[in-house]
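In case you want the letters, here they are:
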Amino acid sequence: MTEPLGLYTLNETPIALQGIKASVKIHELLSEVALSQTYKNTELSNIEAVYTFALPPNAVLLSIGMNINGRQLSGDVTPRAQAEATYEDAITDGDSAMLLNRHDDGLYTVNVGNLNPGDEATIDLGYAELLEWQGDQIRFVLPTVIGERYGDVEHSSLRPHEEPVTNGLIEHLFTLEATLSGNIAQTQITCPSHAMTSQHHDSSVKLSFASGRAFLDRDFVLDMRRSVFMSSHPTLITCKDPYDQGSFVQLASFQPVITDSEPCASIDLKIVVDCSGSMSGDSMTQARDALHSIMEQLTPNDTFSIVRFGSTTESFSRKMLVASAKNIAKAHTFVEATTATLGGTEMEAALSTAYSLKTLKDTRANVLLITDGLIWHGESIISKAQNSDHRLFTVGVGSAVSAVLMQDLADTTQGACELVTPNEKMAERIIRHFQRIRCPAVSAQFNWGDGNENGDQSPSRVRRTFPVDTLHVFQRRASHATEQLLIQYTDDENLECTQIISPAPLPEYLSPSVIARLAANARLNEVDDQQEATDLAVRYQLMTQYTALAIVDVREEKIKDLPELRTVPQMHSAGWGGRDSALYSLNLPSSVRASGPESCYLDIPAFLRREPSADIVNPSTPEAPLNLTPFEFAKAVCAQLAHQNDLDLWTISTMEAIGLDQSIVSWLKGLAINSNLENTIVTCFLYELMSTLKAGVFERQIARVITKAHKQLGTKAYNPTDIQQRVNLITDRHWQ
């Protein structure tokens, strides 16, 4: 039988996701994005495609639809249990359906079930986001890939079938067009993530990929910088709330104007830098640049410390040091020797170490955290940060930063967040953070007018007030626009100044529905009661961890078989783990390049990792331990097969002799006793290892030997699927 045409991984696994199209519109501080995800069943059986993806931390989904085989369908946001029941009923009834869930860490999962062979479904998503000035710059980010994260995914709200899986052998394509209009079109526009072409019109700029398409291996980033002749004007707009009769919504957007405020003469700064394996390559280079920039910003009146971490924690000193010329020189040397060789990402222990360092002054200390944020257990870290009496200023580095964690750590501690891709300047981010750190702690009180008639304000309390950053504040009210908004700023030094914002007409590009739903989403962030949050989200049709959306396509001819699960794998993020540099791969498929000479155990996916130990050395040295890492073992397999390329002669003892981890050996031998299929187990194990490691680890000819042997298993009288699943279970549990 001829296999249908379609996209496949190099290990011949069909890929349901055919591609993604993105249309971006940015007018002033509002961005609106339309995403189309196309899925096609190129197999010979009924499937369910499952794809987990990320959206920006402040994105609000406004529209969700499905087109299946030319039929356009829509649905409503309902309580999560109700939506999931609707989806499951449709699947078991033989109808096609789509389910969209949101998780509590900024991730979303779409399920497209009962796709018959040849069926094609397009999921259309539309979201809006309010952008912010950071100094003279606005940054727009469209996440495209979920970087591999350290720790146990059970710490998240993801269920097993929703867990993102990375496969270094696949490539996902996407296309994008962006239109910038209004004053934002007059800014200096750069794209540090992708090569772009631009078309300039009278009042707009249109952008598209120079090559027509790109890979889903790095976040799409636009930087918009205003000239010295442009200024950021505060705005106050009002509209009716179409979801709550008789109510109005106001939105104030502004950069705080704080006069007569003196910068802090001295600061206590605790620097925490991620040196785990995922930081290898671009991210580590950025981190070192950041550390050097920090040293240059310190003055002799400041105190500082440096803590670097991976699986373990290392400190520059046991106490806070005065930023003298001598200590700064030593710190530069310490920084230059900082590499991504400390293993895992035990961020919580490193931050606890920093919190415990006693400051010389009785003031609130500051932590400057530099990391890619790729961990699963974020809630505990955020909770401890809130109770630490420290402000956290985060710098997220890399091509696929966990922006939600970086933003949450900053917001909950009255700090700030900066994100930096490999092609952006690190120094200006550090300078901007220092402007914030040296800014006195300022509180803001909002007077919306009309006495006690004021409605609810969201956020009810502005957590951070820095002159360089835009604030968006909503208010619900029973009457129309206030005559003016009065903002009063105070600090601990009896500073008192005011800022007045006058109302403006509602711009044409802003609809009352969008403003009302953005305001409701801001309110949801402060609602603790689950039922209240669910009711509010359903009224405004908002996706939360308590709501979901199901769409059903009732088929005339029901599907008899239940679908087979097909999880859409993620690409490796560009530059992750030192794999390849995003600096030099803007338009090339990253999976065809081998990594540089520096390799780390974190070059491989999380489920094949095992904890590194300090005594791991190059296996070519006499002191090399017998138990090799997966990367080292793969190289040993290549060397052995180059001399003995008949895989039929291999046994578990063969792999043990060249350095396979003893815990894996024991389990494989136990499996061989039970199944009496030792060579099949060896072949399945090597094939799974080859399929999961990044491209280039196995030489091409060796890869063909293993692939051919694995294909031949299908010609035998038994099905190797069960053995393959058992091998997966063994590697998942014991090679981490």
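These figures come from a predicted structure and were not determined experimentally.

### Comments concerning the overall build of the protein chain
Scanning the protein chain for helices and strands turns up 15 helices and 33 strands. Looking at the 736 residues of the protein chain, the share that counts as buried comes to 57%. Counting contacts in the protein chain only where the partners sit at least 6 residues apart, residues at least 24 apart contribute 76% of the total. Taken as a whole, the protein chain presents about 31200 Å² of accessible surface, with 49% of it coming from carbon and sulfur.

### Some remarks on helix H10 (residues 630–643)
Taking 1.5 Å per residue as the helical rise, H10 with its 14 residues ought to reach 20 Å, and the 20 Å between its terminal C-alpha atoms agrees with that figure. Of the residues making up H10, those classed as buried are Pro 630, Phe 631, Glu 632, Phe 633, Ala 634, Ala 636, Val 637, Cys 638 and Leu 641.

### Things to note about the packing of aromatic side chains
As enumerated under the stated definition, the model contains 12 aromatic pairs in all. Their ring planes at 15 degrees and their centres at 5.8 Å tell us that Phe 53 and Tyr 108 sit as a pair that is stacked. Placement of the pair is Phe 53 in strand E3 (residues 47–54) and Tyr 108 in strand E8 (residues 107–115), with a sequence separation of 55 residues. With respect to burial, Phe 53 and Tyr 108 carry one shared label: buried. With a centroid separation of 6.0 Å and 25 degrees between ring planes, the pair formed by Phe 304 and Phe 316 is classed as stacked. Highlighted residues: Phe 304 in strand E21 (residues 303–309) and Phe 316 in the loop between strand E22 (313–315) and strand E23 (321–322), separated in sequence by 12 residues.

### So, the packing of helix H5 (residues 378–386) against helix H6 (residues 403–411)
Running from N to C, H5 and H6 cross one another at 15 degrees; their axes reach a closest spacing of 9 Å. Considered as vectors, H5 and H6 are oriented roughly parallel to each other. Note on packing geometry: the crossing formed by H5 with H6 is right-handed. Contacts from Gly 378, Ile 381, Ile 382 and Ala 385 of H5 reach H6 at Leu 405, Asp 408 and Leu 409. Residues that form the contact of H5 with H6 fall into these classes: 5 nonpolar, 1 polar and 1 charged.

### Points about the sheet that holds strand E31 (residues 496–501)
A sheet is described by the order of its strands in space; here 3 strands give the open sequence E27-E30-E31, paired in antiparallel fashion. Two strands in the sheet have a free side with no partner beyond their single neighbour: strand E27 (442–447) and E31. Across this sheet, the average inter-strand angle for adjacent strands is 25 degrees, counted without regard to direction.

### Considerations on the pattern of salt bridges
For the coordinates displayed, the defined rule picks out 26 salt bridges. Here Glu 84 makes a salt bridge to Arg 159, at a shortest N to O gap of 2.8 Å. Placement of the pair is Glu 84 in helix H1 (residues 80–93) and Arg 159 in the loop between strand E11 (137–142) and strand E12 (173–181), with a sequence separation of 75 residues. Between Arg 139 and Glu 424 there is a salt bridge; the shortest N-O distance is 2.6 Å. With a gap of 285 residues between them, Arg 139 in strand E11 and Glu 424 in the loop between strand E26 (416–420) and helix H7 (426–437) connect regions that are remote in the sequence. For the pair Arg 139 and Glu 424, a shared accessibility class is recorded, and that class is buried.

### Looking at the environment of Leu 649
On the secondary structure map, Leu 649 appears in the loop between H10 and helix H11 (652–657). Leu 649 gets classed as exposed once you look at its relative accessible area, which sits at 54%. With 30 residues separating them in the primary sequence, Leu 649 and Asn 679 have C-alpha atoms 7.7 Å apart.

### Overview of the environment of Ile 706
Within the element layout of this structure, Ile 706 appears in helix H14 (residues 700–713). Sequence separation between Ile 706 and Thr 683 is 23 residues, and the spatial gap between their C-alpha atoms is 7.0 Å. In this view, Ile 706 contacts Leu 641, Leu 647, Leu 686, Tyr 687, Met 690 and Phe 698; residues no more than four positions away in its chain are not counted.

### Describing the confidence of the model for the protein chain
Summarising the model, the protein chain shows a mean pLDDT of 84, and 85% of its residues fall at 70 or more. Every residue in residues 1–6 scores below 50 in pLDDT, and together they form 10 contacts with partners more than four places removed in sequence or on other chains. A low-confidence stretch, residues 584–625 (pLDDT under 50), is modelled with 110 contacts involving residues beyond four sequence positions or located in other chains.

### A short note on the nonpolar core
Within the largest apolar cluster, 59 residues are counted, with the highest numbers of intra-cluster contacts made by Tyr 39, Met 98, Leu 100 and Phe 140. Take this core: its biggest share by element is 5 residues, from strand E1 (residues 17–27). Setting aside residues up to four positions removed in sequence, Leu 100 forms contacts with Phe 53, Leu 61, Ile 64, Tyr 108, Thr 109, Val 110, Leu 125, Met 543, Ala 548 and Leu 549. Counting residues in each nonpolar core, the second largest holds 38 residues, with Ala 287, Phe 316, Ala 331 and Phe 393 among its members.

About the criteria used
- Residues numbered from 1 in each chain as written.
- Predicted model: local features only at pLDDT ≥ 70, side-chain atom pairs only at ≥ 80, totals over all residues.
- Heavy atoms only, no water.
- Helix = DSSP H or I, 4+ residues; strand = E, 2+ residues; numbered from the N terminus.
- Buried < 20%, exposed > 50% of the residue type's maximum accessible area, 1.4 Å probe, protein only.
- Contact = heavy atoms within 4.5 Å.
- Areas by Shrake-Rupley, 256 points an atom, 1.4 Å probe, with all protein chains shown as cover.
- Expected span 1.5 Å × (residues − 1).
- Phe/Tyr/Trp six-rings, centres within 6.5 Å; stacked < 30°, edge-to-face > 60°.
- Axes fitted to C-alpha atoms, helices over the stretch in contact; angles between N-to-C directions.
- Parallel < 35°, antiparallel > 145°, perpendicular 65-115°, else oblique.
- Left-handed = near helix turned anticlockwise from the far one by under 90°.
- Nonpolar A, V, L, I, M, F, W, Y, C, P; charged D, E, K, R; others polar.
- Pairing = 2+ DSSP bridges.
- Salt bridge = Lys/Arg side-chain N within 4 Å of Asp/Glu carboxyl O.
- pLDDT = per-residue confidence, 0-100.
- Core = buried A, V, L, I, M, F, W, Y, C linked by side-chain atoms within 4.5 Å.

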